[in-house]
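Working through the structure, step by step
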Amino acid sequence: MSISLNTCILILKEHHLLKSSAVQDTVITRMEYVSYDSRDIQTNTLFFCKGAGFRPTYLSMAKDNGANCYVAEQPYPEGKGMHALIVRDVAKAMALLSAAFFRFPQDDLYVIAITGTKGKTTTAYFLKRILDQVNGGRTALISSVNNVVGQNPEDTFKSSLTTPESLDLFRDMRNAVDNGMTHLVMEVSSQAYKRNRVFGLTYDLGFFLNISPDHIGPNEHPNFADYLHCKLQLLVNARKCIINAQTAHFNEVYAAATTTTDPDSIYLFADEKFENPALPQIIDFRYSSEELDMARTKFKVSCISDQAKKLKIAGDYQLKMLGDFNESNGTAAVIGAGLAGMEHDAIARGIRDVNVPGRMQTEITKDHGVVVVDYAHNEASMMALMGFMQREFDNPKIIVVVGAPGDKGVSRRPGFSKSLNAYADKAFLTTDDPGFEDPLEICQEIDAGIDHSKVDVTIELDRQKAIHDAISMAKKGDVVLVCGKGEDGFQKVRGINTPYPSDITVAQQIINELEGQDEHFN
């Protein structure tokens, strides 16, 4: 693959991003590689000077290693002798030029994008597995857990960001196309729009699941209005929109969808009991709970509007994942599959046995209650998880292990306190990706908002010991919730990914040890 300098200039001019260009006539005018990492350079590389941590010395390194053109928001003396494209926004420029370099792979994929404060990953995994039923496993995935760009083992790898940097995203999409993938299901975070990682990308289907305050802090969104604005951009860039009619700020969400999408291509869904006469259109799909237990969730989807009835998706469905809140995620996936051309029987087969790594992974013990490992990492997801457990188990003792990440998500911390006050009997506050913050201070910040007359609190910074102590103290009928990290195999500490076994691995090892001891002493 390659891209010419002239093509780059034309694309940047078309989007009013080019401020100036310096062309070296004697130098090759085609770029055969693209990168924003000075350690990853090949001969004739187009290099992007981006990020708050960019230093001019990186450009010198890129030039020495073979870069022949750079894109930046200002000229650098270190780039003397190279082509220079000076732009108004280097992140937007990188998205547009990367898409062109990788030959617009999105045009060869049916792209489904999902946003929401909670439920993105679960819905994405549901949709991937459903679509795999009819396309022979050729559904690519971009998620906060794993990325999948092909059917071979090496084509599945851990993700580092919910939505990758634009250059990495378009490279993954090109690899997916070259590997024969026909569909792409992707999570789109608010940061993806804040940082212009998906600038210029249009989706065949765009989902808006829900919105609640999150990701607000010095390194993320300055306030909720900014967070919501970024979330809404997904709908502005989708050909068809699917919206949870029960989301907060519904009027703003619906208005965003209508800016670029005909109302006939906007679909609303809600549970059977939800009523809001002020909605701008009839709710197209309703779902109702049929049965909930610790093994399966059974629900029914009904098609209400005329446009909904054109999809042959009405009927009963089962999920292997527990939790009434997963009925909403399941319904979204069913609708998406229907809009992608599938019908009820194939969808039901695809969704019934899906496991999502780190989401509602449940271990039922003999003597230490039910242990659930879940990625719940904000007030909304914690409330949903604990509320379900309280209803399902008839008001059990709830023991929670939870922490909060450092350097981001500062706004979540009061929400943790609030959710623990609402449902928890015992809380172990512990370490969860502290970054450059002191994990003790993070725990103390959460603890300061907890009502100690309701919740007994222990601060235990060793996460594995916190999980051990929580499960050890649990008795039959109790519920232990290990929240936050899910399948994550690292603790992010002072810029280093420190290996960590993952919460589910730790929990399973502890359960095996404890139950072995229990049997020994019985």
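In this text the structure is predicted, and so the values were computed from the model without any measurement. (Residues numbered from 1 in each chain as written. Predicted model: local features only at pLDDT ≥ 70, side-chain atom pairs only at ≥ 80, totals over all residues. Heavy atoms only, no water.)

Things to note about the overall build of the protein
What the protein contains, in helices and strands, is 16 helices and 26 strands. For the protein, the C-alpha radius of gyration of 24 Å lies close to 24 Å, the compact-globule estimate for 522 residues. When the backbone C-alpha atoms are referred to their principal axes, the protein occupies close to 85 × 55 × 45 Å. Going through the 522 residues of the protein one by one, you find that 57% of them count as buried. (Helix = DSSP H or I, 4+ residues; strand = E, 2+ residues; numbered from the N terminus. Rg over C-alpha atoms; globule rule 2.2 N^0.38 Å. Buried < 20%, exposed > 50% of the residue type's maximum accessible area, 1.4 Å probe, protein only.)

Description of the pairing of strand β23 (residues 456–459)
In this sheet, β23 lies alongside strand β22 (residues 426–429) in parallel orientation, the contact comprising four bridges. Residue A427 lies in a different strand from β23, and its bridge partner there is V457. Regarding topology, helix α14 (residues 439–448) serves as the crossover connection from β22 to the parallel β23, and that connection is right-handed. (Pairing = 2+ DSSP bridges. Right-handed = clockwise from strand over helix to strand, strands pointing away.)

Here's the deal with the sheet that holds strand β19 (residues 361–364)
Spatially, six strands are ordered β19-β20-β24-β21-β22-β23 in an open sheet, and the strand pairing comes out mixed. Both outer strands of the open sheet, β19 and β23, are each paired with one neighbouring strand and no more. Averaged over all pairs of adjacent strands, the angle between their axes in this sheet comes to 15°, without regard to strand direction. Note that strand β21 (residues 398–402) and β22 share four bridges and pair parallel. The partner of V402 across the bridge, within β22, is L429. Across the sheet, α14 is in contact with β22 and β23; its angle to β23 comes to roughly 170°. (Axes fitted to C-alpha atoms, helices over the stretch in contact; angles between N-to-C directions. Contact = heavy atoms within 4.5 Å.)

A closer look at the packing of aromatic side chains
Going through the model one piece at a time under the given rule, you end up with eight aromatic pairs. Judged by centre distance (6.5 Å) and plane angle (50°), the ring pair of Y70 and Y76 falls under tilted. Overall, the relative accessible area of 17% leaves Y76 in the buried class. Sitting above the plane of the Y36 ring, K50 keeps its charged end 5.3 Å from the centroid. (Phe/Tyr/Trp six-rings, centres within 6.5 Å; stacked < 30°, edge-to-face > 60°. Lys NZ or Arg CZ within 6 Å of the ring centre and 35° of its normal.)

Overview of unusual backbone geometry
Located in the positive-phi region is F104, a residue other than glycine, with phi close to 45°. Relative to the helices and strands, F104 is located in the loop between α3 (90–101) and β8 (110–115).

Some details on the pattern of salt bridges
Scanning the entire structure with this criterion turns up 23 salt bridges. Between D469 and K465 there is a salt bridge; the shortest N-O distance is 2.8 Å. Remark: K465 and D469 occur in helix α15 (residues 463–473); sequence separation between them is four residues, near one turn of the helix. Assessed through its relative accessible area of 39%, K465 is described here as partly exposed. Ionic contacts of the salt-bridge type, sharing partners, join the residues D432, D433, K485, D488 and K492 into one network. (Salt bridge = Lys/Arg side-chain N within 4 Å of Asp/Glu carboxyl O.)

Observations regarding the environment of P164
Along the chain, P164 turns up in the loop between β11 (156–158) and α5 (166–178). Judged by relative accessible area, which is 8%, P164 ranks as buried. The spacing of P164 and V188 is 24 residues in sequence and 9.2 Å in space, taken between C-alpha atoms. Non-local contacts of P164, meaning those with residues more than four positions away in its chain, are made with I142, N147, L169, D172 and R197.

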